[in-house]
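The residues making up each chain are set out below.
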Amino acid sequence: MANIKLDDDSAVVVIGSGAGGGTLANELCQKGIKVVLLEAGKRESAASFQNDEWGSFGQLSWLDKRTTSGSWRVARDFSGLPAWICKTVGGSTTHWAGASLRIQEHEFKARTHYGDVAGANLLDWPLTLQDLEPYYAKAEDKMGVTRTNGIPGLPGNNNFKVMYAGAKKLGYKNCHTGRMAINSRKRDGRPHCRQLGFCFQGCKMDAKWSTMNSEIPRAEKTGNLDLRPSAHVLRVEHDKSGKVNAVVYVDGDGKQQQQKARVVCVAGNSIESPRLLLNSESSMYPNGLANASGQVGRNYMRHMTGSVYATFDEPVHMWRGTTMAGIITDESRHDPSRGFVGGYEMETLSLGLPFMAAFLDPGGWGRDFCRAMDNYANMAGMWLVGEDMPQKDNRITVHATEKDQYGMPVPNVNFTDHPNDIAMREHAFGQGRAIYEAAGANQVYPVPPYPSTHNLGTCRMSAKAEDGVVNQHGQAHEIDNLFVSDGSQFTTGASENPTLTIVTLAIRQADYIAGQMSAKAI
Amino acid sequence: MKQTSVKVDSPVGVSRRQFLKTGSGVLMGTLAAGSGVLATLAPSRSWALTLSTLSEIEGGKILKVTRGIFPHDTLDDAVYALVVKDLDAAAANDAGVASLLRDGLQQLDELASGDWASLDYLARENLVIKMAGTDFFEKIRGTSVVSLYNNEMAWAHFGYEGSSYEMGGYFDRGFQDLDWLPDPGADASPAKA
């Protein structure tokens, strides 16, 4: 492992070690570039992960103070927890379920295909599926995605059997155990999945790809990585010319440190990344870094989500095996005859008893609630995840008065569903119900969105500087040596789980940064 | 007929033997065997809860309120007692919580025009429901939603199996044992490694 001095201004400083930052750091290290990787959380491992929902939640989650506003139900039920994402080495790749789907061609051109949707701030991505295809292929190989590169699909569990039976009765054509970054066979030094049922809690088998178990150890082997866990970044600084040149963070001992930098890449997920840019305001950048357009923090997307659980006369034991065990992709097309633009995926999901109590009907109680819980062993479940509309006032701002443990303004997450999101959710609830009724459900429970796991779009890519924050390489329109390297870059949300695309963009960005550095452009 | 991992065949959901076995790890230091306040509420059970701030009578009443909010008819009082334990701890740390709970119990007596706790369980539940939305109700509901369902006794009752890593996951233990629906083909669900 490298030991890069605080006053060494030759390294790339990456903030955040999740899907974007962890991958980018490794890709740069492989090219011989020195990287300081700052991660606010601690370093865990398969050995320290817990098969315990609340225990793991306390171990891995980002629980710093946040506030919420807007009409979304999360603001009422989980007012201090707008997002369910992680503060740990590996970021939310420790917590993700592993679904690895490419964004579809038409979804990269949402404005072109969906038209002018009132109230939506739609834009085409400044890149195409063709631009990303070679990088998607690299990402799928790196992550060991099933049903790619000759890797067999995972065996389906009981929860999948229920979904499959209902899907077939409804005439759905595309239902299988998914493209998952979970080993179905031993691969890449990691064992195959043993169906523990705790994908969300950090995979204790290391069968699920994460930057913690794959990218970061690989980067460390190059000798070019200086990983600093428990390093909570407060702000990014710049020189008189306006280029960024240092990052200020609080280390594990509570001491403030300043790390010099040649290039800074922000990958703190779509709440912390814009917050950091906004909190880095200066006299030269009074609205925050990279924010001449005023777009930093705007167009916050969280995917149209919802869940459908159903109970049956016979046992299901849905918690046995992979959390996201199968998928139906038929609804992820753009077909406005359904009453909305864009599409959605249907993916099995299970929660353990403790989280089912918390999420089945947040705030719920009484006999109906208890009846559902009484039938927990006979329950099957699916998650609905679709494209939501970017809206300019769905945004991350920094709070005027509330401060975090370091005295920095906390982020506020403001979100209100677009009518398109609501229409899509209603349709998805209806289809989810139909699937389970076709499979013999005796009771169906539509479940409102959980705190956001797919946080996207708050520093979006745009062809024109006035429409977004970064260009097609994640490079700030305004500052050449400042990059955004996480899902904040997404111009639109698409219907697919975002991690594969975040990894893909990071691989592509590493090529670009290396090229720019060797050309002395940055 | 298929087997569930936990047979739900007794009024308390799990057999006494299994209940005590499951409980031994969880209740150590929480519910001490032999004596104490809640033993009187379930005289057939050899567990008890030691309270630090709430009185025996208050603890027993709060247990009944919790049953009214989350009425699982066959779930043993010992599981509800874990909620009382956590509320007692909260009351010990915060006098505001203690008075919130005591005031709420008093309000229930007022709604009952007498001793609420002496009513039958449906009558008790109907009055608890009238308290919905109050801070008292929300405090107990919010505590219960974690405490009631995050313990091994509840898991045994509801059939949830908890941690699986030590058992090698479900790879050889029934992750695809559902047999009341047709199996998907190998294209949709390939054979396991």
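What counts as what
- Residues numbered from 1 in each chain as written.
- Chains lettered and ligands numbered in written order.
- Predicted model: local features only at pLDDT ≥ 70, side-chain atom pairs only at ≥ 80, totals over all residues.
- Heavy atoms only, no water.
- Contact = heavy atoms within 4.5 Å.
- Buried area = accessible area lost by both parts, 1.4 Å probe.
- Salt bridge = Lys/Arg side-chain N within 4 Å of Asp/Glu carboxyl O.
- Axes fitted to C-alpha atoms, helices over the stretch in contact; angles between N-to-C directions.
- Helix = DSSP H or I, 4+ residues; strand = E, 2+ residues; numbered from the N terminus.
- Left-handed = near helix turned anticlockwise from the far one by under 90°.
- Nonpolar A, V, L, I, M, F, W, Y, C, P; charged D, E, K, R; others polar.
- Expected span 1.5 Å × (residues − 1).
- Buried < 20%, exposed > 50% of the residue type's maximum accessible area, 1.4 Å probe, protein only.
- Arc of directions from axis to C-beta.
- Polar contact = N/O pair within 3.5 Å; in protein donor to acceptor, adjacent residues only side chain to side chain.
- Core = buried A, V, L, I, M, F, W, Y, C linked by side-chain atoms within 4.5 Å.
- Pairing = 2+ DSSP bridges.
- pLDDT = per-residue confidence, 0-100.

A. Region of interest: the interface of chain A and chain B. If you look at the interface, chain A gives 53 residues, while chain B gives 54 residues. When residues of chain A are sorted by the area they lose upon contact with chain B, A:Lys161, A:Trp365 and A:Arg367 head the list and together hold 16% of the total. Run the count over chain A and chain B and you get six salt bridges. For A:Arg194, the salt bridge identified is with B:Asp172, shortest N-O distance 3.1 Å.

B. Local environment of the packing of helix H1 (residues 19-30) of chain A against helix H12 (residues 499-518) of chain A. All names here are of chain A. Between H1 and H12, the shortest axis-to-axis distance is 8 Å and the interhelical angle comes to 35°. In this structure, H1 crosses over H12, and the sense of that crossing is right-handed. Between H1, through Ala 19, Gly 20, Thr 23, Leu 24, Glu 27 and Leu 28, and H12, the contact on the second element is made entirely by Thr 499, Ile 502, Val 503, Ala 506, Ile 507, Gln 509, Ala 510 and Ile 513. When the residues that make up the contact of H1 with H12 are grouped by side-chain class, the tally is nine nonpolar, four polar and one charged.

C. Fine view of the environment of A:Ala325. All names here are of chain A. With respect to the secondary-structure elements, Ala 325 resides in the loop between strand S10 (304-311) and strand S11 (327-328). Sequence spacing of Ala 325 and Arg 371 is 46 residues, and the spatial spacing of their C-alpha atoms is 26 Å. Residues in contact with Ala 325, not counting those within four places in the same chain, are Asn 157, Phe 160, Thr 177 and Thr 348.

D. Quick look at helix H4 (residues 95-112) of chain B. Residues and elements named next belong to chain B. Compared with the 26 Å implied by 1.5 Å per residue over 18 residues, the 26 Å span of H4 between its first and last C-alpha is a close match. For H4, every residue scored as buried is listed here: Val 97, Ala 98, Leu 101, Gly 104, Leu 105 and Leu 108. Looking straight down H4, one finds its buried side chains confined to an arc of 130°; they lie on one side. In H4, those exposed residues whose orientation departs by more than 90 degrees from the buried face are Ala 95 and Glu 110. Residues of H4 that are buried make contact with helix H2 (56-69), helix H3 (77-93), helix H5 (121-130) and helix H6 (135-147). Looking at where H4 begins, the residue whose side-chain oxygen comes 2.7 Å from the main-chain nitrogen of Gly 96 is Asp 94.

E. The arrangement of the nonpolar core in detail. Ranked by size, the top nonpolar core spans 127 residues in total, and within it A:Tyr309, A:Tyr436 and B:Tyr149 carry the most contacts. No other element matches the 10 residues that H3(B) contributes to this core. Counting residues in hydrophobic clusters, the runner-up holds 55 residues, among them A:Ala11, A:Ala19, A:Val233 and A:Val470.

F. The sheet that holds strand S14 (residues 395-403) of chain A, seen in detail. All names here are of chain A. Reading across the sheet, the three strands line up as S3-S15-S14 and stay open at both edges, with mixed pairing between neighbours. One side of each edge strand has no neighbouring strand; the edge strands of this open sheet are strand S3 (67-69) and S14. Averaged over all neighbouring strand pairs, the angle between strand axes comes to 35°, with direction disregarded. Across the face of the sheet, helix H8 (residues 269-279) comes into contact with S14 and strand S15 (409-414) while running at roughly 65° to S14.

G. The arrangement of the pairing of strand S12 (residues 344-348) of chain A in detail. All names here are of chain A. Within S12, five of the five residues are buried, which leaves the element mostly enclosed by the surrounding structure. Along S12, one buried face is formed by Tyr 344, Met 346 and Thr 348 and the opposite face, lined by Glu 345 and Glu 347, is buried too. Of the strand pairs in this sheet, S12 and strand S13 (residues 379-386) are connected by five bridges, and their pairing is antiparallel. Pairing of Glu 345 across the sheet is with Val 385, part of S13.

H. Structural view of the side chain of A:Lys87. Residue and element names in this part refer to chain A. In this fold, Lys 87 is placed in the loop between helix H3 (74-77) and helix H4 (110-114). We classify Lys 87 as buried; its relative accessible area is 17%. Of note is the side chain of Lys 87, whose polar atom sits 2.9 Å from the side chain of Asp 64. Look past the residues within four positions of Lys 87 in its chain and what remains in contact with it is Glu 39, Ala 40, Gly 41, Lys 42, Leu 60, Ser 61, Trp 62, Asp 64, His 232 and Gln 405.

I. Inspection of the confidence of the model for chain B at higher detail. Residue and element names in this part refer to chain B. On average, residues of chain B score 81 in pLDDT, and 75% of them reach the 70 mark or higher. For chain B, helix H1 (residues 16-27) is the element with the lowest average pLDDT, namely 37, and H4 is the one with the highest, namely 98. Confidence drops under pLDDT 50 across residues 1-44; counting only partners more than four residues distant or on other chains, this segment forms 80 contacts. On the interface metric, ipTM, the complex scores 0.95, and its pTM is 0.94.

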